Amino acid sequence: MTGTGLLVIGDVVTDVVALHGGSALAGLAVGTDTAADIVLRPGGSGANTASWAAHLGADTRILTRVGFDTGEWHAAELRRFGVRPHLRVDPDRPTAVVIAMVDGTGERSMLTNRGAGGHIGIDDWDDSLLDGVDHLHLSGYTLFAEPGLQLSRLALAEAARRGVSISVDPASTGFLRSFGPERFIQETLTSQLIIPNRDEALLLTGETSAERAAEKLSLRYGAAAVKLGSRGALMARNGKLAAWVPGVAAKVIDSIGAGDAFAAGLLTALLKGADDEAALDAGRRAGAEAVSLVGGRPRSLRSDLNTNQLYPLNTN
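Quick caveat, the model's predicted, so the values are computed rather than measured. (Residues numbered from 1 in each chain as written. Predicted model: local features only at pLDDT ≥ 70, side-chain atom pairs only at ≥ 80, totals over all residues. Heavy atoms only, no water.)

This brings us to the pairing of strand β1 (residues 5-9). Of all the 5 residues making up β1, 5 are buried; the element is thus mostly covered by neighbouring parts of the structure. Alternating residues of β1 divide into G5, L7 and I9 and L6 and V8, and every residue in both groups is buried. Bridge analysis of β1 against strand β4 (residues 59-67) gives 5 bridges, and the strand direction is parallel. Following the sheet pairing, L7 is matched in β4 by R61. As defined by bridge partners, β1 adjoins strand β8 (residues 135-139) across 4 bridges and the pair is classed as parallel. Its bridge partner lying in β8, V8 is registered against H137. (Buried < 20%, exposed > 50% of the residue type's maximum accessible area, 1.4 Å probe, protein only. Helix = DSSP H or I, 4+ residues; strand = E, 2+ residues; numbered from the N terminus. Pairing = 2+ DSSP bridges.)

Here it is in structure tokens:
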């Protein structure tokens with residue numbers, strides 16, 4: 001990879017984050033109230049990755065679809081982080097919403113309504129989106145609905161035709177299992193790099209170790225960077241482990257967006273010419289910063305971003 005022009009295709013989400021302090025869902029009181037700190041944040045795997053990449057110095061744009069309710073707010077939030085948004089406002093659907101319940105360890109369980117994001121399709125595409133782009137990054141969520149699958153095929157083919165490098169993040173074991181692991185691989189083989197977490201890598205390969213899964217995936221894609229959470233990350237190329245970095249110490253408040261931040265750090269470093277170890281290091285450091293924040297975006301220059309302020313649901 002050379003150059004810093006990055007196009008992300010993926011989702012924008014309104015995140016409702018509830019930090020309840022218990023232990024996973026066992027910390028929720030069934031049938032009554034559970035005390036929690038509840039905040040609203042701009043989110044979405046694709047938008048988070050784009051925001052972190054812009055924050056880290058990449059010339060970043062995103063193709064996405066938002067709803068009639070919060071589209072202007074999300075566009076403003078992306079621009080505030082330095083992302084150039086290419087988005088269509090769906091007049092009939094709300095923006096995707098995720099209710100994320102975060103326990104005392106920072107782990108989250110999510111309820112998801114894909115809203116407008118589930119309807120992004122080929123009508124949202126224009127070949128000019130790749131002008132000035134050195135790398136295309138595809139969030140796996142895009143593939144999990146038929147319109148997005150058609151868009152993904154079109155975008156991947158055009159990027160390959162232009163010689164633009166491509167990466168893909170599988171995004172979700174639940175959706176991935178329903179879609180079909182082998183089908184996912186076949187649909188994304190145009191990519192030269194896949195960036196799964198450990199569970200996604202194991203699901204995609206049937207292997208029992210992250211190392212072997214990375215090696216196997218790298219035989220299909222050329223390269224695989226596997227996120228290992230607190231254990232760090234590893235990279236395999238052409239069937240062999242190429243680099244590994246341990247985790248870095250971090251105060252874990254909220255794990256939302258950590259994998260998105262890792263992908264952004266990794267890709268931004270690779271686009272700047274870093275070797276695999278340095279790119280993994282950039283990814284793990286971005287991930288470590290992400291888990292110390294509430295929500296999936298970088299720390300903002302605006303001081304109120306990480307407070308409990310409720311952001312407006314409608315900017316009209």
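This part covers the pattern of salt bridges. Tallying each qualifying case throughout the model produces 21 salt bridges. Among the salt bridges present, the one from D59 reaches R61, with a minimum N-O distance of 2.8 Å. Relative accessible area serves as the criterion here: at 5%, R61 is assigned to the buried category. Put simply, R285 and D281 hold a salt bridge, and the shortest N to O gap is 3.1 Å. Taken together, the positions of R285 and D281, both in helix α9 (residues 276-291) and 4 residues apart, correspond to about one turn of that helix. Overall, D281 belongs to the partly exposed group, its relative accessible area being 21%. Each member of the salt-bridge network shares a partner with another, and the members are R65, R88, D90, R93 and D124. (Salt bridge = Lys/Arg side-chain N within 4 Å of Asp/Glu carboxyl O.)

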